[in-house]
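The primary structure of each chain is shown beneath.
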Amino acid sequence: MDLGLKDKVALITGAGSQIGFGKGMAMVLAKEGVDIIVCDMDLEGAEKTAEDVRAAGRKAMALKMDITNTDEVKQGVDTALKEFGKIDILINNAGVGTTPVPFVESTEKDWDININVNLRGTMNVTKAVLPQMIERKTGRIISMSSTAGLGGMATGGVYGAAKAGVTLFTDALAKEVGQYNITVNCMAPGAGATNFHKASNFPQAAQDQFKNMAAAGMTTTPEELGTVAAFLASDKGKKINGQCIRVAGLM
Ligand SMILES: NC(=O)c1ccc[n+]([C@@H]2O[C@H](COP(=O)([O-])OP(=O)(O)OC[C@H]3O[C@@H](n4cnc5c(N)ncnc54)[C@H](O)[C@@H]3O)[C@@H](O)[C@H]2O)c1
């Protein structure tokens, strides 16, 4: 099926992790003919992903962008628009968690990290990218929720609350901007063997468990998520709006 994505432009946050969901989505979209603005707080990682996108035959730009930093986000989006002229697809992928602990042991620092990056960061980038989509009366916004944001997980309530916020924000924004031919959806992956659990300071035993699950084919892979994102980003997915798509296999 030709998704008709050739020559579209996507901005993807958190696409600098070389084993992450963001890079997986970037590579699937690049194969569909999409140019990619690779954003990450880790510029070196973003540059590596951009190189791979170029090797796949598409234009790419790497930008250092901490999604919690409003000025950096605005500057990055301006730079990208000057270079590419448009952003058709926004993928709010950057995210992080904190060590799972019983709620009474969680700290305000844990709350701030989870909520500022996952929820406020998603709003931040969306607010910077949306005006040109409204002006051009076209756009696709795809954000990253989690199965942990669809149903409560013991010791994961703070992260889950931030991700549930992304899900509800998605639904509300979809109702607001559908009139401009913009769809807003999110995806809820199950466990992925990305760098997430290390970056979120999960105990080593938990990190090993996710690696074993990946070896047994039980995790959601970046490519699997990329395929769903490509469909949502395409014209074929235009009737899907305000949804949170669970991409977690049988888990
Ligand atoms: N891996 C999982 O099990 C899992 C499950 C459900 C949802 N998710 C979500 O998937 C998304 C991608 O995570 P991943 O699993 O690929 O992890 P990852 O750690 O491999 O990649 C996350 C990327 O986000 C970047 N990032 C973190 N904070 C940032 C910030 N403030 N500004 C800009 N970039 C930032 C990191 O540098 C990294 O490159 C996240 O939103 C995560 O919450 C992951």
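Numbers given to residues run from 1 along each chain, matching the order in which its sequence is written. Confidence filtering applies because this is a predicted model: local features only for residues at pLDDT of at least 70, side-chain atom pairs given and counted only at 80 or more, and all residues used for totals across whole chains, interfaces and linings.

Participant: Looking at this structure, how should I read the sheet that holds strand β2 (residues 35-40)?
Facilitator: Strand pairing in a sheet relies on backbone hydrogen bonds. The paired strands run either parallel or antiparallel. One open sheet accounts for seven strands, arranged β3-β2-β1-β4-β5-β6-β7; its pairing is parallel. Of all strands in the sheet, those bounded by a partner on one side alone are β3 (60-64) and β7 (244-247). On average, each strand axis in the sheet is tilted by 15° relative to the strand beside it, whichever way the strands run. For two strands to be treated as a pair, DSSP must find at least two bridges joining them. Strands are runs of DSSP state E lasting at least two residues, helices are runs of H or I lasting at least four, and both sets are numbered from the N terminus onward. Note that strand β1 (residues 9-13) and strand β4 (residues 89-92) share three bridges and pair parallel. Within the sheet, the bridge partner assigned to Leu11 lies in β4 and is Leu90. Running over the sheet, helix α3 (residues 70-84) touches β1, β2 and β3 and is turned about 165° from β3. Distance between backbone-placed C-beta atoms decides contact: two residues are in contact if it is within 7 Å. To get an axis, a line is fitted to the C-alpha atoms, and for a helix only the part in contact is used. The angle between two axes follows their N-to-C directions and goes from 0 to 180 degrees. Here helix α5 (residues 157-177) sits on the sheet in contact with β5 (139-144), β6 (182-189) and β7, set at roughly 165° to β6.

Participant: Explain helix α4 (residues 108-136) here, please?
Facilitator: Three- or four-residue spacings in an α-helix give side chains the same orientation, since the helix completes a turn every 3.6 residues. In this analysis, the expected span of each helix is defined as 1.5 Å times one less than the number of residues it contains. Between the first and last C-alpha of α4 there are 41 Å, a value that for 29 residues agrees with the 42 Å anticipated at 1.5 Å per step. Maximal helix bending in α4 amounts to about 40°, located at Asn116. Looking one or two residues beyond α4, the residue adopting positive phi is Lys137, at roughly 55°. At every residue, the bend is computed as the angle between two fitted axes, covering the seven residues ending there and the seven beginning there respectively.

Participant: Looking at this structure, I do not really get unusual backbone geometry. What am I missing?
Facilitator: A negative phi angle is the norm for most residues apart from glycine, just as the trans form is the norm for most peptide bonds. Phi at Lys137 takes a positive value of approximately 55°, unusual for a residue other than glycine. Mapped onto the fold, Lys137 is located in the loop between α4 and β5. Exposure criterion: with C-beta atoms placed from backbone coordinates, a residue whose C-beta has 20 or more other C-beta atoms within 10 Å is buried, one with 12 or fewer is exposed, and one in between is partly exposed. Since 11 C-beta atoms lie within 10 Å of it, Lys137 is described here as exposed. Non-glycine residue Thr155 carries a positive phi angle of around 70°. As for its position among the elements, Thr155 is in the loop between β5 and α5.

Participant: How should the site of the ligand be read in this particular structure?
Facilitator: Gly14, Ser17, Gly20, Gly95 and Thr194 are the nearest of the 31 residues found near the ligand. Contributions of two or more residues to the shell around the ligand are made by α1 (21-31), α4 and α6 (196-199). Note on residue classes: Ala, Val, Leu, Ile, Met, Phe, Trp, Tyr, Cys and Pro are nonpolar, Asp, Glu, Lys and Arg are charged, and everything else, Gly too, is polar. Residues that form the shell around the ligand fall into these classes: 13 nonpolar, 15 polar and three charged. The C-beta atom of each residue is placed using the backbone, and any residue whose C-beta lies within 6 Å of a molecule or strand is treated as near it.

Participant: Can you help me understand α1 in this one?
Facilitator: Taking burial as the measure, the 11 residues of α1 include 10 buried ones, the bulk of the element. Listed in full, the buried residues belonging to α1 are Phe21, Gly22, Lys23, Gly24, Met25, Ala26, Met27, Val28, Leu29 and Ala30. The first or second residue beyond α1 is Gly33, which carries a positive phi of 95°.

Participant: What is the right way to look at the packing of α3 against α4 in this model?
Facilitator: Relative orientation and spacing of two packed helices are given, respectively, by the angle between their axes and the distance between those axes. For the pair α3 and α4, interaxial distance at closest approach is 9 Å and the crossing angle is 30°. The chirality of how α3 crosses α4 is right-handed. Contacts between α3 and α4 involve Thr70, Val73, Lys74, Val77 and Leu81 from the first element and Asn124, Val125, Ala128, Val129 and Gln132 from the second. Of the residues in the contact of α3 with α4, the class split is six nonpolar, three polar and one charged. Note on convention: near helix rotated counterclockwise from far helix by under a right angle means a left-handed crossing. Clockwise means right-handed.

Participant: So what exactly am I meant to see when it comes to the nonpolar core here?
Facilitator: Soluble globular proteins tend to pack their nonpolar side chains together in the buried interior. Core analysis: the largest hydrophobic core is formed by 65 residues, its most contacted members being Leu29, Ile36 and Val38. If sequence neighbours within four positions are ignored, Ile36 has contacts with Ala10, Ile12, Ala26, Leu29, Ala30, Val53, Arg58 and Ala60. Note on definitions: a nonpolar core is a set of buried residues drawn from Ala, Val, Leu, Ile, Met, Phe, Trp, Tyr and Cys, linked by C-beta atoms within 7 Å.

Participant: Explain the pairing of β4 here, please?
Facilitator: Every regular strand shows the same layout, with side chains that alternate between the two sheet faces. Burial along β4 is two-sided: Ile89 and Ile91 facing one way and Leu90 and Asn92 facing the other are all buried. Direction of pairing for β4 relative to β5: parallel, over a ladder of four bridges. Within the sheet, the bridge partner assigned to Leu90 lies in β5 and is Ile141. Handedness of a crossover: with both strands directed away from the viewer, a clockwise path from the first strand across the helix to the second marks it as right-handed. As for the winding sense of the linkage, the β-α-β connection from β4 through α4 to β5 is right-handed.

Participant: Looking at this model, I keep getting lost on the pairing of β2. Mind explaining?
Facilitator: The buried fraction of β2 amounts to six of the six residues, a majority that puts the element mostly inside the structure. Burial along β2 is two-sided: Asp35, Ile37 and Cys39 facing one way and Ile36, Val38 and Asp40 facing the other are all buried. Of the strand pairs in this sheet, β1 and β2 are connected by five bridges, and their pairing is parallel. Paired with Thr13 across the two strands is Cys39, which belongs to β2. What joins β1 to β2 is α1, and the crossover it makes is right-handed.

Participant: Would you mind going over the packing of α1 against helix α2 (residues 43-55) with me for this structure?
Facilitator: One can describe the packing of α1 onto α2 by two numbers: an axis separation of 9 Å at closest approach and a directional angle of 20°. By the criterion of interaxial angle, the relationship of α1 to α2 is roughly parallel. The handedness of the crossing between α1 and α2 is right-handed. Residues Lys23, Ala26, Met27 and Ala30 of α1 lie in contact with α2, whose contacting residues are Thr49, Asp52 and Val53. Residue classes in the contact of α1 with α2 are distributed as four nonpolar, one polar and two charged. Angle categories: roughly parallel below 35 degrees, roughly antiparallel above 145, roughly perpendicular from 65 to 115, and oblique for all the rest.

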